[in-house]
Amino acid sequence: AKLGGNSMKASSGINACPSPDDQDTFRKDTLSSAGKGELPNTKTALIETLVTHSSEAVHGWLQKRLEVDLSHVTRLGGHSNARTHRPGGKMPVGAEVMVKLQGAVKAFEEKGKVQILTGAKVKELLQDAADGKVTGVVYEKSNSEDGETKETLQLQARHVVLATGGFASDRSQ
């Protein structure tokens, strides 16, 4: 019924490398917390992405572009240095990020650059027969107050984003 997701509930913070000088220590800390033994290449690649691009994501995108307050940097468990970014106010980090992200997405919606559908159930991905590229979705949406009457619709789009994984505050049936 509304934007949000489980991210809204996140409360610890966002780990990001505070400086290039901390990359080796951040990598070691992350590898240590990932478990014992040899890790699959996919996990080590993800850790490398976190170590080398987290600062850019937090400082360049979240703080500068979305104006998310992540002014408090602290050291949490498993870290050798302070690198967990949190809001300076009382709002949990997840809510701080999601409120700013929702504002940015809604601004794009007002300009007609994105269409946000809530309460819709994707039934099928539409694909180009020649190259298999996703070109839209077939979805089902309630079209009445009682929620019983369903309507099947199609949405054609150059880009399709599927956001899944549950919604912690969704109390609907």
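In case you missed it, the structure is sitting above this.
In short, a report on the structure. This one's a predicted model, so the numbers in the text were calculated from it and none came from an experiment.

1. With respect to the environment of Lys-111
Item 1. In this fold, Lys-111 is placed in the loop between α3 (93-110) and β4 (120-127).
Item 2. With relative accessibility at 62%, the residue Lys-111 sits in the exposed group.
Item 3. Between the C-alpha atom of Lys-111 and that of Gly-136, which follows or precedes it by 25 residues, the distance is 20 Å.

2. Some thoughts on the sheet that holds strand β1 (residues 14-15)
Item 1. Taken in spatial order, the 3 strands line up as β1-β3-β2 in an open sheet, and their pairing is antiparallel. Edge positions in the sheet fall to β1 and β2 (72-74), since each has one partner strand and no second.
Item 2. Note that β1 and strand β3 (residues 84-86) share 2 bridges and pair antiparallel. Note on β3: the bridge partner recorded for Asn-15 is Thr-84.

3. A short note on the packing of helix α1 (residues 23-33) against helix α2 (residues 41-65)
Item 1. Two elements in contact, α1 and α2, have axes whose closest approach is 10 Å; the angle formed by their N-to-C orientations is 145 degrees. Note that α1 runs across α2; the crossing there is right-handed. Note on element contacts: α2 touches α1 through Thr-44, Ile-47, Glu-48, Leu-50, Val-51, Thr-52 and Ser-54, opposite Gln-23, Phe-26, Arg-27, Thr-30 and Leu-31.
Item 2. Looking at the contact of α1 with α2, its residues break down into 5 nonpolar, 5 polar and 2 charged.

4. Examining the sheet that holds strand β5 (residues 134-142)
Item 1. A sheet is described by the order of its strands in space; here 3 strands give the open sequence β4-β5-β6, paired in antiparallel fashion. Looking along the sheet, the strands with just one partner apiece sit at the ends: β4 and β6 (150-156). Direction aside, the axes of adjacent strands within the sheet are offset by 20 degrees on average.
Item 2. In this structure, β4 lies alongside β5, joined through 7 bridges in antiparallel fashion. Opposite Glu-124, over in β5, you have Val-138 as the bridge partner.

5. Considerations on the side chain of Ser-54
Item 1. Assignment of secondary structure puts Ser-54 in helix α2.
Item 2. Exposure remark for Ser-54: the relative accessible area of 6% places this residue in the buried category.

Rules and cut-offs
Here, residues in each chain are numbered from 1, in the same order as that chain's written sequence. Totals for whole chains, interfaces and linings use all residues, but because this is a predicted model, local features are given only for residues with pLDDT of at least 70 and pairs of side-chain atoms are given and counted only at 80 or more. Side-chain descriptors were evaluated using all non-hydrogen atoms of the structure, hydrogens and water having been removed beforehand. Each helix is a run of H or I in the DSSP string that is no shorter than four residues. Each strand is a run of E no shorter than two, and both are numbered from the N terminus. Each residue's exposure class comes from its accessible area (1.4 Å probe, protein chains only) as a fraction of the maximum for that residue type: buried when under 20%, exposed when over 50%, partly exposed otherwise. Pairing between strands is defined by DSSP: at least two bridges between the two strands are required. To get an axis, fit a line to the C-alpha atoms, keeping to the stretch in contact for a helix; angles then go from 0 to 180 degrees between the N-to-C directions. Each crossing gets its hand from how the near helix is turned against the far one by less than a right angle, where anticlockwise is left-handed and clockwise is right-handed. Residue contacts are defined here by distance: any two heavy atoms, one from each residue, within 4.5 Å place the two residues in contact. Side-chain classes follow a simple rule in which Ala, Val, Leu, Ile, Met, Phe, Trp, Tyr, Cys and Pro form the nonpolar group, Asp, Glu, Lys and Arg form the charged group, and the remainder, Gly included, forms the polar group.

No statement about biological role is implied by the geometric values presented.
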